[in-house]
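Results of the structural survey
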Amino acid sequence: MERIEALAVIGEVFPEDPLVLTCGATSREMASLGRRANHFYVVDSMGLVSSITLGLALGLERGPFRKVVGVEGDGGILMNLNSLATAGYLEPSKFLLVVLDNEAYASTGGQPTFTTRLALADIASACRLRVWRCRQEGEFRQALGQARDSSGPGFINLKISPGNRQVPYLAEDPAILRYLFESYITAKTQE
Amino acid sequence: MPNQSEACRALIRAIEAIAPHFLIHIPDSTVAPVLEHFSAHPSIASFPVAREEEAVGVAAGIQLTGKRAVLLMQDTGLGNSLTALTTFSQAYHVPTLLIVVRRGGPGEINAAVHHLSDGVPGILQAAGIATFELSLAASAELWPRTIERAFHHAQVSHRPVVVLVDLKE
Ligand SMILES: Cc1ncc(C[n+]2csc(CCOP(=O)(O)OP(=O)(O)O)c2C)c(N)n1
Ligand SMILES: [Mg+2]
């Protein structure tokens, strides 16, 4: 699958649960599919998505959402592997991290990452996260559905093809991105 | 404030007055009694993270859900958190209170830490992060008052705010 196809599937399976999207092409491509109030675009802070997602999952442990989903790249999670250990230790029931693994820093020109030689899913599994390893769309949809419907911290690794779509940059002030997303969370938790 | 253990008690009072939902920490020996106090607290959930940068991200995520988190760490870890503090907490206007224990300076026994700790106020200033400072020279009442004010300043200014606390006797 291409990144943008994987993003479309994630958006379909989680139409209302909070999605935290990593920097670079991931945020841009998701936004190009249509802005949604439950989507949170992290336009820089490479590697922080798993930690932000963990904080959201802790805060929303008893909220209305089924899962809080972080969408990270292989390069991004390699920058914050300790967040997997923290998630495995704290065991937030709604934490789900989806890694779109193209074995490259695609957003910066496709330089190879460590996942050309090692499996992030093995690391996540050692951190006591429930792990799904996917290569095709069918497997990916099934994994997302299972993760959505089960309790406990999860980690989905999806191998995708490298490359980026040419889509517009996200130019808003991040304070506005936060305001829109936070307003959505507030409204949903008060419903 | 006569000594370190009294300062720890003042920190406990300050954190309890703020009453955050979560206290996120990376251990430091001087505030061990504070961590011990919150390890089994009826209303404030305390937990460690592996690295300071995570702490900033986790606290921000919690804040976005309408709950509050306070961070407790030592200043040698500030370097680990700067990218997150600036490109996330500041850029996204996420209120965050960091209580940062001072190392370095007279009384410090580790020769390596001066090289970061001594520069911390300057680094924070360069990063545009509002900073309050407390030491044992401040009175026992001033500690909780300053920390509560810093917490409210973070909320009102929609920014991360640091309180540098020096517990060296
Ligand atoms: C701290 C930091 N270092 C480097 C960068 C530059 N950078 C932006 S996106 C990116 C690549 C991200 O790779 P990955 O997470 O695998 O996502 P992909 O683009 O492959 O989908 C890099 C290195 C950055 N934004 N921040
Ligand atoms: Mg990649």
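Refer to the structure printed above.
Residue numbers here run from 1 along each chain, matching the order of that chain's written sequence. Labels are handed out in written order, letters beginning with A for the chains and numbers beginning with 1 for the ligands. pLDDT decides what is reported in this predicted model: residues at 70 or higher carry local features, side-chain atom pairs at 80 or more are listed and counted, and totals for whole chains, interfaces and linings draw on all residues regardless. To get the side-chain values, take all heavy atoms of the structure and skip hydrogens and water.

Topic: the packing of aromatic side chains
Only Phe, Tyr and Trp rings take part, Trp by its six-membered ring, and two of them pair if their centres are within 6.5 Å. Stacked means planes under 30 degrees apart, edge-to-face means over 60, and tilted covers everything else. For the structure on display, the rule yields 6 aromatic pairs over all chains. Arranged with centres 6.0 Å apart and planes meeting at 80 degrees, the rings of F40 of chain A and F88 of chain B form a pair that is edge-to-face. Of the two residues, F40 of chain A sits in strand β2 (residues 39-41) while F88 of chain B sits in helix α4 (residues 78-90), which places them in two different chains. The buried label goes to any residue with under 20% of its type's maximum accessible area, the exposed label to any with over 50%, and the partly exposed label to all in between, with areas taken from a 1.4 Å probe on protein chains only. The class for F40 of chain A is buried, based on a relative accessible area of 0%. Assessed through its relative accessible area of 0%, F88 of chain B is described here as buried. A centroid spacing of 4.5 Å and a plane angle of 25 degrees characterise the contact between F88 of chain B and Y92 of chain B, whose relative ring orientation is stacked. Ring-pair connections join several aromatic residues into one group, and the members of that group are F40 and F181 of chain A together with F88 and Y92 of chain B. Here a helix means four or more residues in a row that DSSP labels H or I, a strand means two or more in a row labelled E, and each is numbered from the N terminus.

What about the pairing of strand β2 (residues 45-48) of chain B?
All names here are of chain B. One requirement defines pairing of two strands: DSSP has to find at least two bridges between them. Note: strand β1 (residues 22-25) against β2, 4 bridges, orientation parallel. The residue bridging H25 from the neighbouring strand is P48, located in β2. Seen with its strands pointing away from the viewer, a crossover is right-handed when the path leading from the first strand over the helix to the second is clockwise. Crossover β1 to β2 through helix α2 (residues 32-38) is right-handed.

Quick notes on the sheet that holds β1 of chain B
For sheets, the rule is that strands pair by backbone hydrogen bonds, running either parallel or antiparallel. Residue and element names in this part refer to chain B. Strand order in the open sheet formed by 6 strands is β2-β1-β3-β4-β6-β5, and the pairing between neighbours is parallel. Where the open sheet ends on each side, the last strands, each with one partner, are β2 and β5 (130-135). Each strand of the sheet is rotated relative to its neighbour by a mean of 20 degrees, with strand direction disregarded. Sheet topology note: the β1/strand β3 (residues 69-74) ladder contains 4 bridges and is parallel. Opposite L23, over in β3, you have V70 as the bridge partner. Orientation is described by axes fitted as lines to C-alpha atoms, over the contacting stretch for helices, and by angles from 0 to 180 degrees between their N-to-C directions.

Points about the sheet that holds strand β1 (residues 19-21) of chain A
Residue and element names in this part refer to chain A. One open sheet accounts for 6 strands, arranged β2-β1-β3-β4-β8-β7; its pairing is parallel. This sheet does not close on itself; its edge strands, each paired only once, are β2 and β7 (130-134). Between one strand axis and the next, the sheet turns by 20 degrees as a mean value, whatever way the strands run. Pairing of β1 with strand β3 (residues 68-73) involves 3 bridges; the strand directions are parallel. Its bridge partner lying in β3, L19 is registered against V69. Its contacts with the sheet place helix α3 (residues 49-59) against β1, β2, β3 and β4 (95-101), and it is angled at close to 175 degrees to β3. Its contacts with the sheet place helix α7 (residues 137-149) against β4, β7 and β8 (154-159), and it is angled at close to 165 degrees to β7. Contacts are assigned to residue pairs that have any heavy atoms within 4.5 Å of one another.

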